[in-house]
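Remarks on the overall topology
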Amino acid sequence: MKYSLIAGVVAFALNADLTQAQEGLLYTTGDGNFDWEGYQAFADGHDLSGEGLTIFGPWLAAESKSFENLVAYFNEATGANANYVGSDSLEQQILIDAAAGSAPNLTVFPQPGLAASLAKDGYLTPLQEGTDEWIRDNFAAGQSWVDLGTYKNPEGNDAFYGFFFNVNVKSLVWYVPENFEDFGYQVPQSMEEFQSLMDQMVADGETPLCVGLASGGATGWPATDWVEDMMLRTQPPEVYDDWVSNNMPFDDPRVIAAVEEYGRLTRKNEYVSGDADDTAAIDFRDSPKGLFSSPPSCMMHRQASFIPAYFPEGTELGADVDFFYFPAYAEKDLGTPVLGAGTLFTITSPSSAADAFMQFLRTPFAHEIMMSQDGFLTPHLGANPANYANDTQRGQGEILTNATTFRFDGSDLMPGAVGAGTFWTGMVDYSSGAKSAEEVAAEIQSSWDALK
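Quick look at the structure, then.

The subject of this paragraph is the sheet that holds strand E7 (residues 172-175). Overall, antiparallel pairing links the three strands, which are arranged E8-E7-E9 in an open sheet. Only two strands of the sheet have a single partner each, and these edge strands are strand E8 (300-302) and strand E9 (322-325). Averaged over all pairs of adjacent strands, the angle between their axes in this sheet comes to 30°, without regard to strand direction. Bridge analysis of E7 against E8 gives three bridges, and the strand direction is antiparallel. Its bridge partner lying in E8, Tyr175 is registered against Met300. Across the sheet, helix H15 (residues 391-402) lies against E7 and E9, angled at about 5° from E9, the strand it touches most.

So, in structure tokens, the structure goes:
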């Protein structure tokens, strides 16, 4: 039951049991739409007075402060002394600490690959029995999150190690509502409608897309996101998984077809602002600016949830610019897949406080406190979306909770020499017209074979 103004009796009871917000707590007990009743139930079931808990993660600056605000509520509820430490070299430091036997109780990984490696080496503790079942029942696309947190143990058997908490969405298309209104364009609900809309824009003398792939030494990565989204829209998620693990070779016809689907939308001059062969020379940070020029040099820009950081100063999200879900093909009947990334909690040094914190992460309250701060998205179906800090987060959160499949950024799960190497450069070669999809896919597979 959610707290509301009409739930006065509940609010009174909660305030009788929960201490009013003290210094360091973000909200006063009973305020807002938070699940204070669930928080009280968690507090009643956990007494960790005096117990310490160390949490190590990748969040710094404002992100660190947001998470520390949540930790304060855990400490208030349980009497524990949990502390968070962030680092920009987590990937290196956790390997050192784990090998030395001095790992923190909980480690928050920015992607599953390293967590899987540590689980195989015996440095992670499986989460409490039933956590995977709870994820299936309470997260949208629950099986996807279970799959992403399940790794081989030292004996080679599957176990559930990773609880995802804080997700971002890549399957987004940005547009200027005023431009759509001027031409009478409607937000497409399927990939077929998206492609028809692009053709209508061309017929109207407009350019559908701005595309930019340049990113210094990481040039090409935006194109890998396109291909990953196309894989999820043309093949079942199991095929995507086989591709990312190389159980299916990179030069399989299904992968080549996904690359060519990306090319069908971005390799035509009439579809892309500028010359389609030159997208690798356009900085990805500059590429959305065409949405805001007068007249606009493009009508849409496919990019992840972080891209507003590069919009012109003063741009108001929801008014000056908005987004929609990068749609799936209706005819392929593959549901509503979402591509993204996120962070996952693992136990690297077991304790009763570590188990309790993982239980705390199940509560809608934990997600709602984070939702109320900027930059947090969750697939938790029990968390009240009214708690999102703004409409943009709320809309992206809705995309997550409507997803039938979620998959992690594939290039991040591949070996570094491939995912952050030949996949990037191969997409530059394809996007510039220098090589065909078949040639690029064969070269990427050869680089993967060389690592085996």
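Text resumes after the structure shown.
Let us now look at the packing of aromatic side chains. Counted according to the given criterion, the structure contains 51 aromatic pairs. Summarising the aromatic geometry, the rings of Tyr27 and Phe34 are spaced 4.7 Å apart at their centres and angled 40° between planes, so their arrangement reads as tilted. Overall, Tyr27 belongs to the partly exposed group, its relative accessible area being 23%. Of the residues examined, Phe34 reaches a relative accessible area of 4% and is grouped as buried. The interplanar angle of 40° and the centroid separation of 6.2 Å between the aromatic rings of Phe42 and Phe74 together place this pair among those described as tilted. A residue pair is termed long-range when its members are at least 10 positions apart, and Phe42 in helix H2 (residues 36-44) and Phe74 in helix H3 (residues 61-78) qualify at 32 residues. The class for Phe42 is buried, based on a relative accessible area of 6%. One aromatic cluster is present, formed by Phe42, Trp59, Phe67, Phe74, Tyr84, Phe165, Phe345, Phe357, Phe360 and Phe376 through successive ring pairs. Across the ring face of Trp226, the terminal group of Arg302 is positioned such that the distance to the ring centre comes to 5.5 Å. The residue whose ring lies beneath Arg302 is Phe326, and the NZ or CZ to ring-centre distance is 5.9 Å.

Looking now at helix H11 (residues 237-245). Among the residues of H11, those classed as buried are Pro237, Val239, Tyr240, Trp243 and Val244. Burial along H11 is one-sided: seen end-on, the buried residues are contained in an arc of 155°. Of the residues trailing H11, Asn246 is marked for its positive phi of about 70°.

Before going further, it helps to spend a moment on the state of the cysteines. Counting across every chain of the model gives one disulfide. Paired through a disulfide, Cys210 and Cys298 show a sulfur-sulfur distance of 2.1 Å. Between Cys210 and Cys298 the sulfur-sulfur dihedral comes to about -105°; the bridge is accordingly left-handed. Here Cys298 lies in the loop between helix H12 (253-266) and E8 and Cys210 lies in the loop between helix H9 (191-203) and helix H10 (221-234), a separation of 88 residues in the sequence. Like Cys298, Cys210 is buried.

What follows deals with the pattern of salt bridges. Taken as a whole and assessed by the stated rule, the structure comprises 18 salt bridges. Linking Asp158 and Lys152 is a salt bridge whose minimum nitrogen-to-oxygen distance equals 3.2 Å. The closest approach of N and O atoms between Lys435 and Asp429, which form a salt bridge, is 3.6 Å. Taken together, the shared-partner salt bridges in this structure form one network comprising Asp132, Glu133 and Arg136.

Parameters and conventions
- Each chain has its residues counted from 1, following the order in which its sequence is written.
- Local features in a predicted model are, by the rule used here, given only for residues with pLDDT of at least 70; side-chain atom pairs are given and counted only at 80 or more, and totals for whole chains, interfaces and linings are based on all residues.
- Excluding hydrogens and water, the side-chain values take into account all heavy atoms of the structure.
- Paired strands are those between which DSSP finds at least two bridges.
- Put simply, DSSP marks the helices as runs of H or I at least four residues long and the strands as runs of E at least two long, and each gets a number from the N terminus on.
- Fitting a line to C-alpha atoms yields each axis, with helices limited to the stretch in contact; the angle taken between N-to-C directions then spans 0 to 180 degrees.
- It only takes one pair of heavy atoms within 4.5 Å for two residues to be counted as in contact.
- Between the rings of Phe, Tyr and Trp (Trp by its six-membered ring), a pair exists once the centres lie within 6.5 Å; its type follows the angle of the planes, with under 30 degrees stacked, over 60 edge-to-face, and the other angles tilted.
- Relative accessibility thresholds used throughout: buried, under 20% of the residue-type maximum; exposed, over 50%; partly exposed, between the two (1.4 Å probe, protein chains only).
- Put simply, a charge is over a ring when the Lys NZ or the Arg CZ is close to the ring centre, within 6 Å, and near the line of the ring normal, within 35 degrees.
- Taking the helix axis as origin, the arc is that swept by the directions to the C-beta atoms.
- A pair of sulfur atoms, both from cysteines and within 2.5 Å, is called a disulfide here.
- Whenever Lys or Arg places a side-chain nitrogen within 4 Å of a carboxyl oxygen from Asp or Glu, that contact is recorded as a salt bridge.

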